[in-house]
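Residue strings, one per chain:
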Amino acid sequence: RLEQEQKAHTESAAAAAAAVEVKDHLASCLEQEQKLCMECEEALAAAVKEKEKLASRLEQEQKVCMEIEETVSAAVKEKEQKARVGFERIVAAACKEKDQLATRLEEEAKGRAEFEEVLAAAVKENDQLASRFAQEVKEKDQLASRLEQEQKAHTESAAAAAAAVEVKDHLASCLEQEQKLCM
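Residues numbered from 1 in each chain as written. Predicted model: local features only at pLDDT ≥ 70, side-chain atom pairs only at ≥ 80, totals over all residues. Heavy atoms only, no water.

K.L.:
An account of the nonpolar core is needed here, citing residue identities and associated values.
P.N.:
When a protein is soluble and globular, its nonpolar side chains tend to lie buried together. The biggest cluster of nonpolar side chains holds six residues, and these are Leu 44, Ala 47, Leu 54, Phe 115, Leu 119 and Ala 122. For this core, the secondary structure elements donating two or more residues are α1 (2-82) and α2 (87-182). The residues touching Ala 122, leaving out its near neighbours within four places in the chain, are Cys 40 and Leu 44. (Core = buried A, V, L, I, M, F, W, Y, C linked by side-chain atoms within 4.5 Å. Buried < 20%, exposed > 50% of the residue type's maximum accessible area, 1.4 Å probe, protein only. Helix = DSSP H or I, 4+ residues; strand = E, 2+ residues; numbered from the N terminus. Contact = heavy atoms within 4.5 Å.)

Printed below as a string of structure tokens:
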């Protein structure tokens, strides 16, 4: 029985050591996940900042476009009022500039749409990382609970082994006294 208790004690100690290794591994994984989450959040903040910058530039481009449209409108009105020679060239140049700005504005809008797709993907990845992080925390808590149970069982096993050793020593002492009496 003592040998079985010692064997159970050894197995329990090995299981506790393995559980500690798994706990350390999960803690390391958790730290890496937290680091990834922080990097993802930084990338997300940078992306939001870039989006705001693009929105500001887009607003400025629209303002310039509106000013050009106003200029063109005023020029057309002036042409109609004064019928000046060469006025068509000014209007044409303004229209060309307006078209160029409209093209740039369209490209900016396209870039903004692509950026928003990247941002949405980053948000989705961040959500997935947060979910994985929560799962890791849950597994860590379960492992900690198992480790606590293993340690409790180990303590109980050690106490039972100590009691068995006391019983063995007592029986050995009784046997020695019996032999002495027999002699």
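Now that the structure has been shown, we can carry on.
K.L.:
A description of the pattern of salt bridges should follow, citing residues and the corresponding values.
P.N.:
Evaluated as defined, the whole model comprises five salt bridges. Of the charged contacts, one joins Glu 61 and Arg 104 as a salt bridge, the two residues approaching to 2.6 Å between their closest N and O atoms. Linking Glu 61 in helix α1 with Arg 104 in helix α2, this pair joins segments that are 43 residues apart in sequence. Relative accessible area serves as the criterion here: at 16%, Glu 61 is assigned to the buried category. When its relative accessible area of 45% is taken as the criterion, Arg 104 is described as partly exposed. (Salt bridge = Lys/Arg side-chain N within 4 Å of Asp/Glu carboxyl O.)

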